[in-house]
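Spelled out from the first residue to the last, the chains are:
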Amino acid sequence: MATMTRRVVLIVEDDPHLQKAMSKHLVRMDFEVRVAPHYEAAVGHLTAGEPSLVCIDIELPTQSGYEVCEYIRGPMGLRRVPILVTSDSGFPENRARAEEAGANAFLKKPFSMREFGSCVSALIAEGHRGGPGGRQARS
């Protein structure tokens, strides 16, 4: 009998309260969750295995979330892994920069866990068709 492995979501977020809320919600959605509070930890998780989805906060303590996106799309070569970017700022230039870096969706903080879960479900269901960029989860 074959065992199915759970889909893995990597959360790159330095706010411990938001990490916890996102993690709990994803576990309820039957995901395995890995958390990285900064760029270096994210790179460590990414080199250990390809996740089904990556959620990245733009405002990180050491390097930006944009740089995490660029690492995923560039040196890691993970073109099919969906990336959801979160940010306190919904300015069009931030959204455009996230898209340029390789994000598939953008969610402005604060967001509800229902919104977050819907966005995650949509990205997973889309199976990352058509390459990175552009989809706005919420203004």
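What you see is a predicted model; the values in this text were computed from it and never measured.

Asker: Quick one: what's the story with the packing of helix α1 (residues 16–28) against helix α5 (residues 113–126), residue by residue and with numbers?
Answerer: For the pair α1 and α5, the least separation of the axes is 10 Å and the interaxial angle reads 55 degrees. As judged from the angle between their axes, α1 and α5 are oblique. Like other packed secondary-structure pairs, α1 and α5 cross with a definite hand, here right-handed. Every residue of α5 that contacts α1 at Leu18, Ala21, Met22, His25 and Leu26 is listed here: Met113, Phe116, Gly117 and Val120. Counted by class, the contact of α1 with α5 contains seven nonpolar, two polar and no charged residues.

Asker: Could you give an account of unusual backbone geometry, naming the residues involved and the relevant values?
Answerer: Across the chain, the bulk of peptide bonds are trans and the bulk of non-glycine residues have phi less than zero. Cis peptide bonds are those with omega within 30 degrees of zero, and the linkage from Lys109 to Pro110 qualifies with -5 degrees. Relative to the elements of secondary structure, Pro110 occurs in the loop between β5 (105–108) and α5. A positive phi is found at Asp30, a non-glycine position, where the angle reads about 70 degrees. Note that Asp30 resides in the loop between α1 and β2 (32–36).

Asker: Got a sec to walk through helix α3 (residues 65–73)? Specific residues and values, please.
Answerer: Within α3, seven of the nine residues are buried, which leaves it mostly tucked inside the rest of the structure. Three or more residues of α3 are buried, namely Gly65, Tyr66, Val68, Cys69, Tyr71, Ile72 and Arg73. The inward-facing, buried residues of α3 contact β1 (8–12), α2 (39–48), β3 (53–57), β4 (83–87) and α4 (92–101). Where α3 starts, the residue carrying a side-chain oxygen 3.2 Å from the main-chain nitrogen of Tyr66 turns out to be Ser64.

Asker: Tell me about empty space enclosed by the protein, and name the residues and values.
Answerer: Under the definition given, this model contains one cavity of 30 Å³ or more. Taken as a whole, the largest cavity spans an internal volume of roughly 40 Å³. Among the secondary structure elements, those contributing two or more residues to the lining of the largest cavity are β1 and α2. In the lining of the largest cavity, the residues fall into four nonpolar, two polar and one charged.

Asker: An account of α1 is needed here, citing residue identities and associated values.
Answerer: Its 13 residues place the ends of α1 18 Å apart at the C-alpha level, agreeing with the 18 Å of an ideal helix rising 1.5 Å per residue. Those residues of α1 that fall on the buried side of the exposure criterion are Leu18, Gln19, Met22, Ser23, His25 and Leu26. The arc that holds every buried residue of α1, seen down its axis, measures 165 degrees, which confines them to one face. Residues of α1 that are exposed and point over 90 degrees away from its buried face: Pro16, His17, Lys20 and Arg28. Contacts made by the buried residues of α1 are with β1, β2, β3 and α5.

Asker: Just give me the short version of the nonpolar core, but keep the residues and values in it.
Answerer: Counting 24 residues, the largest nonpolar core has Val12, Val54, Ile56, Val68, Ile72 and Val85 as the members making the most contacts within it. Sorting the residues of this core by element identifies β1, α2, β3, α3, β4 and α4 as the ones contributing at least two each. Ranked by residues supplied to this core, first place goes to α3 with five residues. Setting aside residues up to four positions removed in sequence, Ile56 forms contacts with Val12, Gly65, Val68, Cys69, Ile72, Ile83, Leu84, Val85 and Thr86. Counting residues in each nonpolar core, the second largest holds 16 residues, with Leu18, Met22, Leu84 and Phe116 among its members.

Rules of the game
- Residues numbered from 1 in each chain as written.
- Predicted model: local features only at pLDDT ≥ 70, side-chain atom pairs only at ≥ 80, totals over all residues.
- Heavy atoms only, no water.
- Axes fitted to C-alpha atoms, helices over the stretch in contact; angles between N-to-C directions.
- Helix = DSSP H or I, 4+ residues; strand = E, 2+ residues; numbered from the N terminus.
- Parallel < 35°, antiparallel > 145°, perpendicular 65-115°, else oblique.
- Left-handed = near helix turned anticlockwise from the far one by under 90°.
- Contact = heavy atoms within 4.5 Å.
- Nonpolar A, V, L, I, M, F, W, Y, C, P; charged D, E, K, R; others polar.
- Buried < 20%, exposed > 50% of the residue type's maximum accessible area, 1.4 Å probe, protein only.
- Polar contact = N/O pair within 3.5 Å; in protein donor to acceptor, adjacent residues only side chain to side chain.
- 1 Å grid on protein atoms, 1.4 Å probe; cavity = no way out; pocket = protein on both sides within 12 Å on 5 of 7 lines; lining within 4 Å.
- Points joined across faces, edges and corners; volume = space filled by probe spheres on them.
- Expected span 1.5 Å × (residues − 1).
- Arc of directions from axis to C-beta.
- Core = buried A, V, L, I, M, F, W, Y, C linked by side-chain atoms within 4.5 Å.

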